[in-house]
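Remarks on the overall topology
Residues per chain, in single letters:
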Amino acid sequence: MVLYLAVSADKYELPTAVADSGYELERMLGLRRGSVACHISYAKHGRVKRQRYFKIVIDDEEEVK
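Let me begin by describing the structure that accompanies this report. (Residues numbered from 1 in each chain as written. Predicted model: local features only at pLDDT ≥ 70, side-chain atom pairs only at ≥ 80, totals over all residues. Heavy atoms only, no water.)

This part covers the sheet that holds strand β3 (residues 53–57). Spatial ordering of the open sheet is given by β2-β1-β3, a layout of 3 strands whose pairing is antiparallel. If you trace the sheet from one side to the other, it starts and ends with β2 (15–19) and β3, each paired once. Shown here is a sheet whose adjacent strand axes are inclined to one another by a mean of 25 degrees, direction ignored. Two elements, strand β1 (residues 2–7) and β3, share 5 bridges in a ladder whose sense is antiparallel. Across the sheet, residue Leu 3 finds its bridge partner in β3, namely Ile 56. The strands touched by helix α1 (residues 22–29) are β1, β2 and β3; relative to β2, the strand with the most contacts, the crossing angle is about 135 degrees. Relative to β3, helix α2 (residues 35–44) is tilted by about 85 degrees, and along the sheet it contacts β1 and β3. (Pairing = 2+ DSSP bridges. Helix = DSSP H or I, 4+ residues; strand = E, 2+ residues; numbered from the N terminus. Axes fitted to C-alpha atoms, helices over the stretch in contact; angles between N-to-C directions. Contact = heavy atoms within 4.5 Å.)

In structure tokens, the structure reads:
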């Protein structure tokens, strides 16, 4: 299972939106298509200092039912 998470821009980084796909998160936040994936990629390669979007992968064994 994969979750996409948007966090606040302060030092606490509290979650502001959670979605099942990057596209769904973009629609929730009113962003252009591909912007979440682009930002995650930039953060992965060190181009962004403060990350606002995260991709969280949860194994099926770790899922809470």
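Our next topic: the nonpolar core. The nonpolar side chains of soluble globular proteins are, as a tendency, buried together. The biggest cluster of nonpolar side chains holds 8 residues, and these are Tyr 4, Ala 6, Ala 17, Ala 19, Leu 25, Val 36, Ile 40 and Tyr 53. Contributing elements (two or more residues each) for this core: β1, β2 and α2. (Core = buried A, V, L, I, M, F, W, Y, C linked by side-chain atoms within 4.5 Å. Buried < 20%, exposed > 50% of the residue type's maximum accessible area, 1.4 Å probe, protein only.)

On to α2, then. Turn by turn, an α-helix covers 3.6 residues, leaving residues three or four places apart pointing in a common direction. The complete set of buried residues in α2 reads Val 36, His 39, Ile 40 and Ala 43. The arc that holds the buried residues of α2, viewed along the axis, is 100 degrees, so those residues lie on one side. Buried residues along α2 sit against β1, α1 and β3. Two residues or fewer past α2, Gly 46 is found with a positive phi of approximately 85 degrees. (Arc of directions from axis to C-beta.)

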